[in-house]
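Okay, here's what each chain looks like letter by letter:
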Amino acid sequence: MLASVPVPEERAAGMNAVGSGIPIAAHDALAPSPPVMAQVRIEQRIIIRVPRQSLSPSSLLPMPQPRRVPPPEPPRFERRKVGKCLAMRDVTGVRVINDDILVLFMRDQRMIEAELERTCSAREFYQGFYMERSGDGRLCVDRDLLQARSGSKCEVERLRQLVPAD
């Protein structure tokens, strides 16, 4: 145990220059270390998938009458202005109508016609589409891109609500 106590010469050599009486190794351990700076960047990307609407076109028709009555005519719809944006959280499904038109089915039972840009084919969207969520959570005309499962991307040119004609 006596061998572990430093002799006076060792004690003087182990002191720091300031003369604080604390050995240099212990002084370094007690001294505050410089702060370590780091930057972390977190990115979040949300992709919304809109599935193909499972309703058949005949499900939009009223119940069939007995066979004696001729089948009813398919429903006719009027197109009304709906604005330039829709809340994506309200879109529940999609159906392809013709070469450049999709019908979006909404939670509140509305049907919205989405006309795609001329260079796009709506047929590529028969299985639904993906859309990257925007900051405001809305699908807007001439801003957002719809991506088909095949990989093609299209902008929406116009939105109109389909309302049964009287």
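Fair warning: this is a prediction, and the values are worked out from it, not measured in the lab.

### A closer look at the side chain of S134
Next up, step 1: Following the sequence through the fold, S134 ends up in the loop between β7 (128-132) and β8 (138-140).
Next up, step 2: A polar side-chain atom of S134 sits 3.0 Å from a polar atom in the side chain of R143.
Next up, step 3: Setting aside anything within four residues of it in sequence, one finds S134 in contact with R143 and D144.

### Considering the side chain of R160
Next up, step 1: Within the secondary structure, R160 sits in strand β10 (residues 153-164).
Next up, step 2: Polar side-chain contacts of R160 include one of 3.1 Å to the side chain of E115.
Next up, step 3: Residue contacts for R160: discarding those within four places in its chain leaves R79, R80, V82, M111, I112, E113 and E115.

### Some thoughts on the pattern of salt bridges
Next up, step 1: Applying the stated criterion across every chain yields a total of nine salt bridges.
Next up, step 2: Residues R79 and E113 are paired through a salt bridge, measuring 2.9 Å at the closest nitrogen-oxygen approach. Placement of the pair is R79 in strand β2 (residues 77-81) and E113 in strand β6 (residues 111-116), with a sequence separation of 34 residues.
Next up, step 3: A relative accessible area of 47% places R79 in the partly exposed class.
Next up, step 4: Between D144 and R143 there is a salt bridge whose closest N-O contact spans 3.1 Å.
Next up, step 5: For D144, a relative accessible area of 8% gives the class buried.

### A short note on the packing of aromatic side chains
Next up, step 1: Scanning the entire structure with this criterion turns up one aromatic pair.
Next up, step 2: Measuring from ring centre to ring centre gives 6.4 Å for F125 and F129, while their planes differ by 75 degrees; the resulting arrangement is edge-to-face.
Next up, step 3: Given a relative accessible area of 1%, F125 falls into the buried group.
Next up, step 4: Using a relative accessible area of 1% as the deciding quantity, one classes F129 as buried.

Conventions and cut-offs
- Residues numbered from 1 in each chain as written.
- Predicted model: local features only at pLDDT ≥ 70, side-chain atom pairs only at ≥ 80, totals over all residues.
- Heavy atoms only, no water.
- Helix = DSSP H or I, 4+ residues; strand = E, 2+ residues; numbered from the N terminus.
- Polar contact = N/O pair within 3.5 Å; in protein donor to acceptor, adjacent residues only side chain to side chain.
- Contact = heavy atoms within 4.5 Å.
- Salt bridge = Lys/Arg side-chain N within 4 Å of Asp/Glu carboxyl O.
- Buried < 20%, exposed > 50% of the residue type's maximum accessible area, 1.4 Å probe, protein only.
- Phe/Tyr/Trp six-rings, centres within 6.5 Å; stacked < 30°, edge-to-face > 60°.

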